[in-house]
Every structure is written in C-alpha cells, then in structure tokens.
Amino acid sequence: MTTLDDLPVRDDLRGRSPYGAPQLDVAVRLNTNENSYPLPEPVVEAIGKALAAELRDLNRYPDRDALALRADLAGYLGDGITAEQVWAANGSNEIQQQLLQAFGGPGRCALGFVPAYSMHPLLALGTGTRWVPAQRGVDFGLTADEAVAEVRAHRPDVVFLCSPNNPTGTALDPAVVSAVLDATPGMVVVDEAYAEFARPGTGNALALLPGHPRLVVTRTMSKAFGFAGGRLGYLVADPAVVAAVQLVRLPYHLSTLTQAAARAALAHRDALLGTVDAIKVQRDRIVSTLRSRGHRVADSDANFVLFAVGGDQSVAWQSLLDAGVLVRDVGLPGWLRVTAGTPAETDAFLTAMEKLS
C-alpha cells in the first residue's frame, strides 16, 4: 500500500497529523464546542424553502462576492458596519487562511499567544508563513505589556489574538488589542468565534475598527447560531482588507446553497440565538461546580470550560469516555476542555467527573 512517505510531499508536512477531534458515537459529545441544541423547526422550514428556491439554477455559478449575504451579516452586526467591511467564506478557518495568503507567506511570519486555537499554526504552515508561538501569562491571561514585548521582539507580519480564547475561554481586554495595533506595522487578527457567549461587560474588538485599517475581526455562525454544518465564517475590517482577500480567494468559493442557508438563518437569528443564554447558564454551572469540588478552572467567556484534572489528562479523558462523555484533550498537560451543552449533558458530565474525582 502506498503511504505518504512514498509521495513527494513537502518536507515540512512530513510526520504531521491533520487537525481534528475524535468523532465517536457516544451518548454525550462535548468535545467540539458545537451548539447542542438542534435548529427550531420554523428555522429548518425556512432554510429548506431558501434552498429549494435555488435548486433550479444550480447550473449557474453563485454570486462570486456574496453581496446579499454580506449585507445581511452587516445588518446583524449593526453599529454602522457596512457590507463593504464584511467578507464571508466557508468557516472562519477559510477566512484566516485567506488572510495569511494575502498578508503572510514565504519570508513572513505570524505570531500567536499559546495555548490558543491549534489551527492557526497549521494555517501558517499551509501558507508558507513562519509561525512564532508566544506564551500566555498566569492563568492563561495576556496583558498589554506582555503582548507588546513579544510583538516588538519578533516583528510579525500577522498577529493572532483570540477573544474569547480557545481552548482557555479567557477574554481579552480591548486595551491589549489597541496596544498591539500601536506596536506593530503588521496585520492584527482578532478571532472572536465565541463572542456571543461573553459575559456582560466583556468588550470586543469591533469598536476598535474605525481608524485602524490593519485590524481584522473574524467571527463564525458555527457556535452561537448552531450552524456548524453550514460552514459560514466572516471577517469585519476596513474595505481595503476585503479587497486584499479577494485577490486570493478561490473563484465562487461560497456555494449558492451555503449563501441561501446562511441568509435564512440570519433572518431567524432571534430564534437561533435564543439558546445562548441557556448555554451560558450551563457554562457557569460547570465552572462553579468544578471549583466547589477543588478543581482549578479557567475563567470562561465562551461556550466551553477548561479544567484541571490533577494528573495525566489522557487518563482522565479515557475515564470520562468510558462513562459515555466525550470531552477534548487539547494537548495541554493536566487539563481538559468540555463544551457547555444542555442541562442533561451537563448532568452527565458532572456525574462522570464526580466519579473521576
């Protein structure tokens, strides 16, 4: 049988593993930060009608620039955001890949603060961008001084900041973003995939966009909207950034069906986002319960919780799986991550954790 070793694969890809979490058939799946609530029936019907309306014309290419979808996304964001500031793609992963294609590449570097989203270094690798991992501080936080020091030391062409951060759940003070913008001539990408789950009073980077043409905010409909299977992510930035990524995007990258489904979902956003508060309740319940049992738990503004298990996290992961609960081993020694799901899923997780303790 032919293997990768038999093919002329790039040397820097040899020995690597593809990104992915285990997809196992277990009773409680809390490992990929999905929204556990299925789409409400009226939304299912609306998406079905929107897709049906497009089927006859599938012989034609989709709107290459997704103008109507971008206008709908701008309307959802509000605060004066215009369609010209928005760009959409197949998940925020593709958005970030396009940004690295446009602003990274051979001879350039990207910097991120780890532990963080593990796709960022893989996207850098795939685009020939050198990756610089800088460390987060105490309790996975990041101060303006710490961030600026790393930026000045490495002078990256692209800086990735995550707020709330995956896998820790910690949010950034917008002052950190401002300080990084002031310290670097490069692009600053703030990954806000979990922004809708932030606790009251938590700032975001959208308010910093005016006057900062090198700032990009990326978001997704996969989490709060429960639209993970729809694969729709987007960025918000100066229109010049949108023009830059259009230079590298594949032709007709966003299908007619994806655009139609996403627009229907946005039209029913109140129904879809109605689960956000319920998920936040379960997140806070997980945090408070685990802490009351003596576990170290990171503060979370996302729909997941990072918690310490006091030993080999792979052993704890397997014990939880044996109890029918699948969580995520993110490779951080002594820590595991669990998605906040339904009350019943939280019950099952906390019961499994009690036995683990």
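Our structure is the block above this text.
The structure reproduced in this document is the subject of the present report. (Residues numbered from 1 in each chain as written. Predicted model: local features only at pLDDT ≥ 70, side-chain atom pairs only at ≥ 80, totals over all residues. Heavy atoms only, no water.)

Observations concerning the overall build of the chain
Alright, step 1. Along the backbone of the chain there are 12 helices and 11 strands.
Alright, step 2. Seen along its three principal axes, the alpha-carbon backbone of the chain occupies a region of about 55 × 55 × 55 Å.
Alright, step 3. Looking at the chain as a whole, 51% of its 357 residues qualify as buried.
Alright, step 4. For the chain, the share of sequence-separated contacts (at least 6 apart) that also reach a separation of at least 24 residues comes to 73%. (Helix = DSSP H or I, 4+ residues; strand = E, 2+ residues; numbered from the N terminus. Buried < 20%, exposed > 50% of the residue type's maximum accessible area, 1.4 Å probe, protein only. Contact = heavy atoms within 4.5 Å.)

Remarks on the packing of helix α3 (residues 91-103) against helix α7 (residues 239-246)
Alright, step 1. Closest axis-to-axis distance for the α3/α7 pair is 8 Å, and the angle between their directions is 85 degrees. The orientation of α3 with respect to α7, classified from their angle, is roughly perpendicular. Contacts from Gln98, Leu99, Ala102 and Phe103 of α3 reach α7 at Val241, Ala244 and Val245.
Alright, step 2. Classifying every residue of the contact of α3 with α7 by side-chain character gives six nonpolar, one polar and no charged. (Axes fitted to C-alpha atoms, helices over the stretch in contact; angles between N-to-C directions. Parallel < 35°, antiparallel > 145°, perpendicular 65-115°, else oblique. Nonpolar A, V, L, I, M, F, W, Y, C, P; charged D, E, K, R; others polar.)

Digging into the nonpolar core
In a soluble, globular protein the nonpolar side chains are often hidden away together inside.
Alright, step 1. Residues Leu69, Leu73, Leu161, Met221, Phe227, Leu232 and Tyr234 are the most contacted members of the largest nonpolar core, which totals 50 residues.
Alright, step 2. In terms of residue count, helix α6 (residues 174-183) provides more of this core than any other element does, six residues in total.
Alright, step 3. If we skip the residues at most four places from it in the chain, Leu232 touches Leu69, Leu73, Ala88, Ala89, Gly91, Thr220, Met221, Ser222, Phe227, Leu254, Thr258 and Ala262.
Alright, step 4. Formed by 32 residues, the second largest nonpolar core is a distinct cluster that contains Tyr194, Val305, Val309 and Val325. (Core = buried A, V, L, I, M, F, W, Y, C linked by side-chain atoms within 4.5 Å.)

Focus on the pairing of strand β6 (residues 187-191)
Alright, step 1. Where burial is concerned, most of β6 is hidden: five out of the five residues are buried.
Alright, step 2. Neither face of β6 is open: one carries Met187, Val189 and Asp191, the other Val188 and Val190, and all of them are buried.

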